[in-house]
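Observations on chain architecture
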Amino acid sequence: MTQMPDHDWTRQLDNALPTANVPTLLMVLLHLTGDKRWLSKRYQCMHIRGIDDHDSGGLAPEVQQEIRSAAREAVLAWKAGTAAAVPDPGLDELVEMLRCSVGEEIPYTYGPMVGAWLGLDRDFRINQRDEYRVPDNFHVVIIGAGVAGLCASIRLRGAGIPHTVIEKNAEVGGTWYENRYPGAGVDTPNHIYSYSFANGDWTRYFALREEIQAYFVNVSHRFGVRPHVRFSTKVESAIYNEGSRDWTVRVSDANGNADVLRANVVISAVGLLNVPKMPDIPGLGTFTGPCFHSARWPEGLDVRGKRVAVIGNGASAMQIVPAIAPHVAQLTVFQRSKQWAAPFERFQKPVPTATRFLLKEVPYYQPWYRQRLAWIFNDRIHASLQIDPEWPHPERAINRRNDKHREFFTEYVKKQLGERQELLADVLPDYPPFGKRMLMDNGWFRTATRDNVRIVNNGIQKIDSNAVITADGQRFEADILVVCTGFDAVNLLSSFRLIGRGGRNVRDHWDANGAQAYLGVATPGFPNFFMLSGPNTALGHGGSVVALLETQVQYVMSLLKAALNENQAGFEIEVRQDVHDRYNQCVQDAHARMIWTHQGTSNWYRNGKGRIVAPTHSVMTTTGT
Ligand code: NAP
C-alpha cells in the first residue's frame with residue numbers, strides 16, 4: 001500500500017530542492033523514472049573549469065527548475081512506495097549518465113569504477129558470508145586499524161573469515177588518531193573521503209580531524225570491528241613458514257609483553273604516511289623550547305603569544321600555519337620550495353541543513369554527489385598530468401592545459417596577496433602545478449600577508465639553542481619549533497620485520513630496487529601477504545584514498561574467495577615474478593611520461609634513486625590502482 005510522505009518530510013524536501021546540486025538531481029531523476037529524455041541534449045550539463053561542485057550544471061534557469069520540479073514529483077512518489085524504475089543501470093549507461101552530469105567525455109572503461117562508487121557493484125557488498133568456504137582454523141592477521149585496516153576487517157567479517165587486527169594505538173583511526181595539530185582536517189571532500197558502505201552525515205564539506213576520527217570510531221562500532229582488535233599492540237615481525245604455508249606474527253603490547261600469532265594470510269594496513277621524517281638539521285635536538293613533528297603535536301600546548309617557527313610548507317604546515325597565526329606573537333615559516341594550493345569555494349564551509357537532508361534522505365543523491373566529486377576532484381585531472389614532449393615551455397608547465405592551470409592558480413595567488421604583491425616572489429612556485437601534491441588553499445596565501453607572519457626562503461644551516469640559523473647567517477629566534485617535514489613514504493613497511501620465502505627480508509630487495517608490488521598489493525616471495533596502501537598506490541593527482549583502499553581490499557577479497565573456494569587444503573597466493581616485473585615496468589614507463597618526473601620537480605613520491613614508489617600512474621579502477 002502506498003503512503004503519502006508525512007508533511008514534515010515534504011516540507012524539508014521543498015526547502016532543500018532549491019539548494020540541490022542540479023546535475024546530481026538529474027541522476028536521481030534518471031534512476032527513479034527511467035526516462036531517457038533526461039539524457040537528451042537539453043539536459044546535458046556543461047563542463048566546468050577548475051574544481052567546483054557546479055550546482056547549476058551550467059543549465060538555463062528554466063531547465064534547472066524543470067529538473068527540480070520533476071525530481072520533486074519522482075522523489076515523493078518514491079517516498080510513497082513507488083520503486084525506482086532503474087535501480088541498477090548497466091555499466092555503459094552509468095558512464096553515459098556521468099557524462100551528462102559533468103559535461104565531459106568519459107571512457108566506457110570507467111564504467112566498473114562508477115558502479116563501485118555508486119555501491120552498485122555486487123562484489124563490493126559487505127555481507128557475502130554464503131560465498132566463502134572458510135575451513136576450520138583459518139585465520140587472517142591485519143596489521144593496523146586505520147582507514148585501510150577497518151575496511152579489511154569489515155569485509156573479512158562480512159565473508160565470515162576469522163581475523164585479528166593488531167593496532168599499535170589505543171584507538172582506531174590511524175593517521176586521524178595520531179595527527180592532532182591545530183587545523184587538522186581533510187583536504188579531500190568528505191563525501192568522497194568516506195566508505196561507500198557508510199555514508200557520513202558530514203557537518204562540513206571538508207571535516208576537521210575530530211569529526212573524521214569520530215566517523216571512523218563510529219564505523220568500528222557499527223560494523224563490529226572492535227572485538228577483533230588488539231589495541232596498544234605492535235607487530236614486531238611477520239615470518240613466512242614455507243612448510244606449513246602460514247605466517248608467524250610476533251607482537252608486543254604497551255607493557256612489553258610478547259605474543260605469537262599464527263596466520264594463513266597477513267594483510268598489512270600500516271599506511272603510507274605515518275612514520276615521521278625528521279630533517280637532518282645540525283643542532284635540531286638541542287632546541288631549547290618544545291620541538292616536535294607535526295604528527296606529534298603535544299596535548300594542551302599553548303601557542304598563544306609565543307614566537308613559533310615552522311619548518312616545511314606541505315599539507316600539514318598549510319593547515320597549521322593559518323590555524324595558529326592569529327594567536328601567536330610571531331610565526332616564521334621556513335620553506336624549501338614553494339607550494340601550489342587550489343581554491344575551493346566550499347573548503348571551510350558547513351554543509352547546510354537542507355543539503356544534508358538531500359544527502360541523507362533522497363535516494364541516489366549521495367552516491368551520485370560522490371561520483372561527480374570523484375571525477376571532478378580526481379580522475380579527470382589525470383589526463384592533464386601527461387608531459388607533452390612538443391610543448392615549448394617545459395620550464396613552466398608540462399603541456400598546454402597544465403600551463404592554463406598555472407595561469408589560473410597564479411592569478412588566484414595574486415588576488416589572495418591583495419596589497420602585498422611584493423610577497424609574490426616568496427610564495428609563487430617555480431615548477432608546474434601538480435608537480436607536488438596539489439594542496440587546498442586553507443588561507444595560506446592570505447596568512448602570508450599578516451604582519452606577524454614571515455616566509456623565509458633561505459635554507460636552514462643549523463638550530464642554535466632557541467634560534468633557526470639560515471644559510472646566509474640570519475638568526476630567527478623562536479619559543480616553539482614545529483617540524484612539518486612529512487613522512488617516510490618511500491621505505492614502505494619499515495615499521496616491522498617482514499620475512500618471506502627462503503628467509504628473505506623485504507628490505508634487502510626493496511632497499512636496493514625501491515618498493516614494488518603487483519597492483520600495489522602483492523610482491524613475489526611473500527605468499528599470502530597483501531599490502532594496502534602499497535607501492536604506487538598513493539593518489540598524486542588527488543582523490544579519495546578511502547575509495548582507493550576499498551578497491552584494494554576488494555581485490556584481496558577476490559583472491560581469497562577464489563583460493564578458499566578452489567583449494568580448501570591450504571593455498572599459496574603469490575604473484576608471478578614475470579607478471580610483477582611487467583606490471584612494474586609499465587608503471588615506471590607511465591610515470592616517466594608524467595609530471596612527477598618532470599624537470600625541476602621534487603616530491604615525496606621518489607626514492608633516492610629517482611624511482612617513483614608512492615603514487616599510482618593510472619586513474620582509479622576497481623582492481624586497486
Ligand atoms: P610533505 O607534504 O612531505 O611536506 C614536507 C615539507 O617539509 C615540504 O615543504 C618539504 O620541502 C619540507 N622539508 C622536508 N624535509 C626538509 C628539510 N630537511 N629541510 C627543510 N624543509 C624540509 O609533508 P606533510 O605536510 O606532512 O604532508 C604529507 C602528506 O600527508 C601529504 O602530501 C598528504 O598526502 C598527507 N596529508 C594530508 C592532509 C590532509 O588531507 N588534510 C594533511 C596533512 C598531510 P620540499 O617541498 O622542498 O620537499
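Parameters at a glance
Residues numbered from 1 in each chain as written. Predicted model: local features only at pLDDT ≥ 70, side-chain atom pairs only at ≥ 80, totals over all residues. Heavy atoms only, no water. Near = heavy atom within 4 Å. Polar contact = N/O pair within 3.5 Å; in protein donor to acceptor, adjacent residues only side chain to side chain. Areas by Shrake-Rupley, 256 points an atom, 1.4 Å probe, with all protein chains shown as cover. Nonpolar A, V, L, I, M, F, W, Y, C, P; charged D, E, K, R; others polar. Domains from an automatic or database assignment. Pairing = 2+ DSSP bridges. Helix = DSSP H or I, 4+ residues; strand = E, 2+ residues; numbered from the N terminus. Axes fitted to C-alpha atoms, helices over the stretch in contact; angles between N-to-C directions. Buried < 20%, exposed > 50% of the residue type's maximum accessible area, 1.4 Å probe, protein only. Core = buried A, V, L, I, M, F, W, Y, C linked by side-chain atoms within 4.5 Å. Contact = heavy atoms within 4.5 Å. Buried area = accessible area lost by both parts, 1.4 Å probe. Salt bridge = Lys/Arg side-chain N within 4 Å of Asp/Glu carboxyl O. Phe/Tyr/Trp six-rings, centres within 6.5 Å; stacked < 30°, edge-to-face > 60°. Parallel < 35°, antiparallel > 145°, perpendicular 65-115°, else oblique. Left-handed = near helix turned anticlockwise from the far one by under 90°. Right-handed = clockwise from strand over helix to strand, strands pointing away. Expected span 1.5 Å × (residues − 1). Lys, Arg positive; Asp, Glu negative; His and termini not counted.

**Describing the site of the ligand**
Near the ligand, the surroundings consist of 22 residues, among which Gly185, Asp187, Asn313, Ser316 and Ser337 are the closest. One of the backbone N or O atoms of Gly185 is found 2.5 Å from a nitrogen atom in the ligand. Taking Ser316, its side chain carries an N or O atom lying 2.7 Å from an oxygen atom of the ligand. Starting from 910 Å² of accessible surface for the ligand in isolation, the protein chains cover 84%. Its residues placed into classes, the shell around the ligand shows nine nonpolar, nine polar and four charged. The residue makeup of the shell around the ligand includes at least three contributed by each of domain 2 (129-275 + 489-623) and domain 3 (284-340 + 397-431 + 433-483).

**Topic: the sheet that holds strand S15 (residues 467-470)**
Taken in spatial order, the three strands make up an open sheet running S14-S15-S16, and their pairing is antiparallel. Both outer strands of the open sheet, strand S14 (460-464) and strand S16 (475-477), are each paired with one neighbouring strand and no more. This sheet shows a mean twist of 25° between the axes of neighbouring strands, independent of strand direction.

**Considering the pairing of strand S7 (residues 265-268)**
Burial along S7 is two-sided: Val265 and Ile267 facing one way and Val266 and Ser268 facing the other are all buried. Judged from the four bridges that link them, strand S1 (residues 140-143) and S7 form a sheet pairing that is parallel. Bridge pairing in S7 places Ile143 opposite Ser268. Where S7 and strand S19 (residues 529-531) come together, three bridges link them in parallel fashion. Within S19, the position partnered with Ile267 by the bridge is Phe530.

**A look at the nonpolar core**
Counting 160 residues, the largest nonpolar core has Ile67, Ile161, Tyr195, Trp247 and Val249 as its most contacted members. Looking at this core element by element, the count peaks at 10 residues for helix H16 (residues 545-566). Among the nonpolar cores identified, the runner-up in size contains 32 residues, and Phe292, Ala317, Val333 and Leu417 belong to it.

**Re the environment of Val140**
With respect to the secondary-structure elements, Val140 resides in strand S1. Measuring from C-alpha to C-alpha, the distance between Val140 and Asn264 comes to 5.9 Å, with 124 residues separating the pair along the chain. Ignoring anything within four residues of it in the chain, the contact list for Val140 reads Leu156, Ile161, Pro162, His163, Thr164, Val265 and Ile267.

**A word on the domain arrangement of the protein**
What the domain assignment reports for the protein is domain 1 (7-106 + 348-380), domain 2 (129-275 + 489-623) and domain 3 (284-340 + 397-431 + 433-483). Spacing between the C-alpha centres of domain 1 and domain 3 amounts to 40 Å. Of the residues lining the interface, five residues belong to domain 1; the matching set on domain 3 comes to four residues. Across the domain 1/domain 3 interface, buried area totals approximately 340 Å², and carbon plus sulfur atoms make up 51% of it. Of all residues in domain 1, the largest losses of buried area upon contact with domain 3 belong to Arg49, Gln348 and Arg380, amounting jointly to 68% of the total for that side. Viewed at the interface, domain 3 and domain 1 are joined by zero salt bridges. Taken together, the connections running from domain 1 to domain 3 amount to one residue pair in polar contact (both at pLDDT 80 or more). For the side of domain 1 that touches domain 3, the class distribution of residues is two nonpolar, one polar and two charged.

**Remarks on the packing of aromatic side chains**
Two descriptors summarise a pair of aromatic rings, namely the distance from one centre to the other and the angle between the planes of the rings. Under the definition given, this model contains 26 aromatic pairs. Measuring from ring centre to ring centre gives 5.9 Å for Phe138 and Phe571, while their planes differ by 45°; the resulting arrangement is tilted. Of the two residues, Phe138 sits in the loop between helix H5 (111-117) and S1 while Phe571 sits in the loop between H16 and helix H17 (577-592), which places them 433 residues apart along the sequence. Of the two residues, Phe138 and Phe571, both sit in the buried class.

**Let's talk about the packing of helix H2 (residues 22-33) against helix H11 (residues 365-382)**
With their axes 9 Å apart at the nearest point, H2 and H11 run at an angle of 130° to one another. For the element pair H2 / H11, the angle class is oblique. As H2 packs across H11, the resulting crossing turns out to be right-handed. Taking contact as the criterion, the partners of Pro23, Thr24, Leu25, Met27, Val28 and His31 in H2 are, on H11, Tyr365, Trp368, Tyr369 and Arg372. The residue inventory of the contact of H2 with H11, partitioned by class, reads seven nonpolar, two polar and one charged.

**What about the pairing of strand S10 (residues 330-334)?**
Taking burial as the measure, the five residues of S10 include four buried ones, the bulk of the element. Across five bridges, the pairing between strand S9 (residues 307-311) and S10 is parallel. Residue pairing for S10: Ile311 is matched across the bridge by Phe334. For the crossover from S9 across helix H9 (residues 315-324) to S10, the handedness is right-handed. The sheet contact formed by S10 and strand S13 (residues 453-456) spans four bridges and is parallel. The residue bridging Leu331 from the neighbouring strand is Val453, located in S13.

**Notes on the sheet that holds strand S3 (residues 229-230)**
Spatially, five strands are ordered S3-S2-S1-S7-S19 in an open sheet, and the strand pairing comes out parallel. Sheet topology places S3 and S19 at the edges, where each strand pairs with a single neighbour. Of the pairings in the sheet, the one linking strand S2 (residues 163-166) to S3 comprises two bridges and is parallel in character. Counterpart to Val165 in the pairing with S3 is Val229. Sitting on the sheet, helix H6 (residues 147-158) touches S1, S2 and S7, and the angle it makes with S1 is about 160°.

**Points about helix H4 (residues 91-102)**
Counted at 1.5 Å a residue, the expected span for H4 with its 12 residues is 16 Å, and the 17 Å between its end C-alpha atoms agrees. Those residues of H4 that sit buried are Leu94, Val95, Met97, Leu98, Arg99, Cys100, Ser101 and Val102. Next to the buried residues of H4 lie H2, H5 and H11. Following H4 by one or two positions, Gly103 has its phi on the positive side, about 65°.

**Re the side chain of Arg155**
Relative to the helices and strands, Arg155 resides in helix H6. For Arg155, which is buried and forms no salt bridge, the nearest opposite charge comes from Glu550, at a distance of 6.4 Å. A polar contact is formed between the side chain of Arg155 and the side chain of Gln554, at a distance of 3.0 Å. Among all residues touching Arg155, those that are not within four sequence positions of it are Asp123, Phe124, Arg125, Ile126, Gln128, Val553, Gln554 and Met557.

**Concerning the pattern of salt bridges**
All chains considered together, the criterion is met by 36 salt bridges. When the shortest N-O distance is used, the salt bridge between Glu66 and Arg42 registers 2.7 Å. Here Glu66 is found in helix H3 (residues 61-79), whereas its partner Arg42 is found in the loop between H2 and H3, with 24 residues between them in sequence. The exposure class assigned to Glu66 is partly exposed, which follows from its relative accessible area of 24%. Here Glu104 and Arg380 are joined by a salt bridge, their closest N and O atoms 2.4 Å apart. One end of the pair, Glu104, is in the loop between H4 and H5; the other, Arg380, is in helix H11, with 276 residues separating them in the sequence.

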